[in-house]
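The chain contents come next:
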Amino acid sequence: MHELSIAMSIVELAEEEAERRRVQIDAVHLKLGALSGVVKDALLSCYEMASENTPLQGSRLVVEEVPVVIFCATCRGQRPLSSVQLFCCPECGTPCAEIVQGRELEVVALEIQECAPNPV
Amino acid sequence: MRPEPRLIEVRKNVLKQNDVVARSLRDRFRAAGVFVVSLVSSPGSGKTAFLEKTLTLLRRNNRVAALVGDLATENDAQRLARSEAPVKQITTGTLCHLEAAMVQSALEGWDLNQLDFLFIENVGNLVCPSSYDLGEDLRLVLISVTEGEDKPLKYPTIFNSADVAVVTKVDLAAAVEFSWKTAYDNIQAVRPGMPVLKLSAKTGEGMEDYLRFLAARLIDLRQAAAV
């Protein structure tokens, strides 16, 4: 159960961005790979806890789940994996170890409100 | 008037802080020419016995040391001290995994130049350690025959993140009707091409092959550094 420390890192990261850009954050958009080792539901409930009493309190965590995509050397192409229990090309069955995506644990965007207009 | 919400792009890795520390550790390890192995497994798989045997045998010809992560006790460090290799315990408290910064502070005062191999035993857990790079050269996942052949299918993420799998307690294989082929196939299903070794830390069966594997990797590391 390391989702709480992950959630705290997300809050910290978003807080820094908010401070730097002088904005208020409504939502944090996160990409979560199927091989990130993080469970979405656990992360969502931890986020609420982690953001409590911070400028992020009340903000939402929007999680986009990213499936595993491998590169098949036989087909010479990228293929989504049908199961993380079988790293084989779904088209030709070749075992594939090369992962193109699926390890993401990345804050991709922030939904914000401007707090103070930038002086022009 | 309430302003319209808008979306700004950020693109930041959540574990960036850990990755930065891990990268600097890896640079230090490389500069010192020390080969670093991290050990992951479920609780009770025999990690400490395996590591004790590894340290004892490797010490004959190499300079070795170990860091051991544990939630609450220092029992592991005391057991490993029997190998007479330098050992330091990292007590993680309630944290279920090691992070690069913990390794960094545990190494304070150690001269890495005096080492050939450094082992980092993670907390017994097949879930959380998978996300954290510790700067290691090799992530070794250990499973014992008593855990059953389907561990790789239950924990594909950690097996996929590993570089080598070691099946241990093979002296008990017959008693628990362990199928080597099924276990091997399951490991290959979640991590195609991963080397798999089998051994018994208790009887010593298979240990020599494993030590040869490590020795070859140390030579590779130093040759790569010399180029």
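Residues numbered from 1 in each chain as written. Chains lettered and ligands numbered in written order. Predicted model: local features only at pLDDT ≥ 70, side-chain atom pairs only at ≥ 80, totals over all residues.

Right, let's talk about the interface of chain B and chain A for a bit. Across the boundary between the two partners, chain B contributes 28 residues, which contact 29 residues of chain A. Elements with a contribution of two residues or more to the side of chain B that touches chain A: β1 (6-13), α6 (156-161) and α7 (180-190) of chain B. The leading source of residues in the side of chain B that touches chain A is β1(B), at eight residues. Broken down by class, the residue content of the side of chain B that touches chain A amounts to 15 nonpolar, eight polar and five charged. (Contact = placed C-beta atoms within 7 Å. Helix = DSSP H or I, 4+ residues; strand = E, 2+ residues; numbered from the N terminus. Nonpolar A, V, L, I, M, F, W, Y, C, P; charged D, E, K, R; others polar.)

Attention shifts here to the sheet that holds strand β5 (residues 117-121) of chain B. Backbone hydrogen bonds hold the strands of a sheet together, and the pairing may be parallel or antiparallel. Residues and elements named next belong to chain B. Strand order in this open sheet of seven strands is β4-β3-β5-β2-β6-β7-β8, and the pairing throughout is parallel. In the strand order of this sheet, the two ends are held by β4 (87-91) and β8 (196-198), each with one partner. Pairs of neighbouring strands in the sheet enclose a mean axial angle of 20 degrees, with direction left out of account. Both strand β2 (residues 35-40) and β5 contribute to a ladder of five bridges, which runs parallel. Pairing of Ser 38 across the sheet is with Ile 120, part of β5. Of the strands in this sheet, β2, β3 (64-70), β5, β6 (138-144) and β7 (164-168) touch helix α2 (residues 47-58), which is tilted by about 170 degrees from β5. (Pairing = 2+ DSSP bridges. Axes fitted to C-alpha atoms, helices over the stretch in contact; angles between N-to-C directions.)

Our next topic: the environment of Asp26(A). Mapping Asp26(A) onto the fold places it in strand β1 (residues 23-33). In this structure Asp26(A) comes out as partly exposed when scored by C-beta crowding, with 17 C-beta atoms within 10 Å. Separated by 31 residues in sequence, Asp26(A) and Gln57(A) place their C-alpha atoms 9.2 Å apart. Those residues within four positions of Asp26(A) in sequence are excluded, and the remaining contacts are Ser59(A), Arg60(A), Glu111(A), Ile112(A), Gln113(A) and Pro5(B). (Buried ≥ 20, exposed ≤ 12 C-beta atoms within 10 Å, placed from the backbone.)

This paragraph deals with the pairing of β2(B). For β2(B), the tally of buried residues reaches six of six residues, placing the bulk of the element in the interior. Side-chain alternation along β2(B) places Phe35(B), Val37(B) and Leu39(B) on one buried face and Val36(B), Ser38(B) and Val40(B) on a second face that is also buried.

The subject of this paragraph is the confidence of the model for chain B. Taken over all residues, the pLDDT of chain B has a mean of 93, while the share at 70 or more is 98%. Scored as a whole, the predicted complex attains pTM 0.91, and scored at its interfaces, ipTM 0.85. (pLDDT = per-residue confidence, 0-100.)

Let's shift gears to helix α2 (residues 40-51) of chain A. Residue and element names in this part refer to chain A. If you check α2, its first and last C-alpha atoms are 16 Å apart, about what 12 residues at 1.5 Å a residue would give, namely 16 Å. Those residues of α2 lying buried are Leu 43, Cys 46, Tyr 47, Ala 50 and Ser 51. Along the long axis of α2, the arc covered by the buried residues comes to 120 degrees, so they all point the same way. When the buried face of α2 is taken as reference, the exposed residues oriented beyond 90 degrees from it are Asp 41 and Met 49. Contacts from the buried residues of α2 go to α1 (3-21) and β2 (60-66). Immediately downstream of α2, the backbone of Asn 53 shows phi near 60 degrees, a positive value. (Expected span 1.5 Å × (residues − 1). Arc of directions from axis to C-beta.)

The next point concerns the sheet that holds strand β3 (residues 69-72) of chain A. Residues and elements named next belong to chain A. Across the sheet, which stays open at both edges, the three strands sit in the order β4-β3-β5 with antiparallel pairing between neighbours. In this open sheet, the two strands that pair with only one neighbour each are β4 (77-80) and β5 (99-101). Recorded for the sheet is a direction-independent mean angle of 40 degrees between the axes of neighbouring strands. Direction of pairing for β3 relative to β4: antiparallel, over a ladder of four bridges. Residue Phe 71 lies in a different strand from β4, and its bridge partner there is Gln 78.

Grouped together as the largest cluster of nonpolar side chains are 64 residues, with contacts concentrated most on Ala66(B), Phe117(B), Ile120(B) and Val141(B). Among residues more than four places away in sequence, those in contact with Phe117(B) are Val34(B), Phe35(B), Val37(B), Leu58(B), Asn62(B), Val64(B), Leu214(B) and Leu218(B). The next biggest cluster of nonpolar side chains, apart from the first, holds 23 residues, and it includes Ile10(A), Leu30(A), Cys46(A) and Leu110(A). (Core = buried A, V, L, I, M, F, W, Y, C linked by C-beta atoms within 7 Å.)

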